[in-house]
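# Architecture at a glance
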Amino acid sequence: MLTEKNIKKYASTVLLNTVDNIFDNKETLINNFYKDFVESNKRNKKLKSNIKDNEVVDEYLLEELEKSFTQNDIGRVLQKEMVKANDNAIADLANVLDEKLLPVSRDLKNVFNDDVKYNQFRKYVTENLVVSNLNLNTSTIKALKTMNISGIQAAQIIQLISQVDN
């Protein structure tokens, strides 16, 4: 069933936030948008049969937005929301990484002998985990290459990461 509730349930968070922001978070305008969307798509068989597919829902929401806004306006807000979602994902993963590294964090800091280098290492590992979808060991190796760390220091770091990567 095509309802406002289902649209909000199955559309991507990024697009829902885009709708909110493009209407300046004005509840009346947002609610009217969704009501109009449901009304204009109530006979849309593709949307009804694929209501749980966020890509289909997003596609139709974008088409509805294009009726009222330029593609540049939509694209600007959508890009901002995508960057925000990516930053949030990286921050969440950084917290998970910190928890995972906790048993060896003191030893890692000793190997790096510098908090700045250790934080840079964490940043590169986190980005590799998010962007490249690599596992912790591979992300570590890639981060070490990026930082031009090799030899005994790299071996010590990889050994410590291996202790917590399971």
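Each chain has its residues counted from 1, running along the sequence as written. In view of the model being predicted, local features appear only for residues whose pLDDT reaches at least 70, and side-chain atom pairs are presented and counted only at 80 or more, with totals across whole chains, interfaces and linings using the full set of residues. The basis for every side-chain value is the complete set of heavy atoms in the structure, and neither hydrogens nor water enter the calculation.

## With respect to the overall build of the protein chain
Applied cut-off: Here a strand is any run of E in DSSP of at least two residues, a helix any run of H or I of at least four, and the numbering for each starts at the N terminus. Both definitions apply: the radius of gyration is a C-alpha atom measure, and the globule rule equals 2.2 Å times residues to the power 0.38. Residue burial is assigned from relative accessible area. The probe radius is 1.4 Å, only protein chains are included, and a residue is buried under 20% of its type maximum, exposed over 50%, and partly exposed in between. Only the protein chains shown count as cover for residues, and all accessible areas are computed by the Shrake-Rupley method using a 1.4 Å probe. A residue counts as positive if it is Lys or Arg and as negative if it is Asp or Glu; His and the chain ends are not included. Charged groups are reduced to one reference atom each: NZ for lysine, CZ for arginine, CG for aspartic acid, CD for glutamic acid.
Of the regular secondary structure elements, the protein chain holds 10 helices and zero strands. A globule of 166 residues ought to have a C-alpha radius of gyration of about 15 Å, yet the protein chain, at 22 Å, is considerably larger. Its C-alpha atoms put the protein chain at 65 × 30 × 25 Å along the principal axes. When each of the 166 residues of the protein chain is scored for burial, the buried share is 36%. Put simply, the protein chain shows about 10400 Å² of open surface, and 47% of that area lies on carbon and sulfur atoms. Between the averaged position of the 23 positive side-chain charges in the protein chain and that of its 24 negative side-chain charges there is a distance of 3 Å.

## Here we look at the nonpolar core
Here is the rule: Side-chain atoms within 4.5 Å are what join buried Ala, Val, Leu, Ile, Met, Phe, Trp, Tyr and Cys residues into a set we call a nonpolar core. The contact criterion used throughout is that any non-hydrogen atoms of two residues lie within 4.5 Å.
Of all hydrophobic cores here, the largest spans 24 residues; its most connected members are I7, Y34, V57 and L61. Only α1 (4–10), α2 (13–22), α3 (27–41), α5 (54–66) and α6 (71–101) provide two or more residues apiece to this core. Once residues lying within four places of it in the same chain are set aside, the contact partners of Y34 are E4, I7, K8, L16, V19 and L61.

## Notes on helix α10 (residues 151–164)
Put simply, the test is: Here the expected span of a helix is defined as 1.5 Å times the quantity of residues minus one. Arc definition: it is the arc formed by the directions from the helix axis to the C-beta atoms.
Over its 14 residues, α10 runs 21 Å from end to end, which matches the ideal 20 Å to within 8%, given 1.5 Å per residue. All of the buried residues in α10 are A154, I157, L160, I161 and V164. All buried residues of α10 lie within an arc of 130 degrees about the axis, which places them on one face of the element. Across from the buried face of α10, at angles greater than 90 degrees, the exposed residues are G151, I152, Q159 and Q163. For α10, the secondary structure elements touched by its buried residues are α6, α7 (105–112), α8 (115–131) and α9 (136–146).

## Some thoughts on the packing of aromatic side chains
Which entries qualify depends on this criterion: Only rings of Phe, Tyr and Trp enter the pairing, Trp through its six-membered ring, and a pair is recorded when the two centres are within 6.5 Å. The plane angle decides the type: under 30 degrees is stacked, over 60 is edge-to-face, the rest tilted.
Here the structure, examined in full by the defined rule, presents five aromatic pairs. Residues F23 and F69 carry aromatic rings whose centres are separated by 5.2 Å and whose planes lie at 80 degrees to one another, so their mutual orientation is edge-to-face. With F23 in the loop between α2 and α3 and F69 in the loop between α5 and α6, this residue pair connects regions lying 46 residues apart in the sequence. Classification of F69 by relative accessible area gives partly exposed; the value is 21%.

## Quick notes on the side chain of E81
Mapped onto the elements of the fold, E81 is located in helix α6. Classification of E81 by relative accessible area gives buried; the value is 2%. Not counting residues within four places of it along the chain, the set of residues in contact with E81 comprises V14, N17, T18 and N21.

## Regarding α9
Those residues of α9 lying buried are L136, S139, T140, A143 and L144. Taken end-on, α9 shows its buried residues confined to a sector of 135 degrees, consistent with a single buried face. Elements that come into contact with the buried residues of α9 comprise α6, α8 and α10.

## So, the pattern of salt bridges
In plain terms, the rule: Salt bridges are counted wherever a side-chain nitrogen of Lys or Arg sits within 4 Å of a carboxyl oxygen of Asp or Glu.
Applying the stated criterion across every chain yields a total of seven salt bridges. One salt bridge in this structure joins D98 and R122, with 2.7 Å as the shortest N-O distance. Residue D98 is located in helix α6, and its partner R122 is located in helix α8; the two are separated by 24 residues in the primary sequence. We classify D98 as partly exposed; its relative accessible area is 27%.

## Quick word on unusual backbone geometry
Backbone geometry places D24, a non-glycine residue, at a positive phi of 55 degrees. As for its position among the elements, D24 is in the loop between α2 and α3. We classify D24 as exposed; its relative accessible area is 55%.

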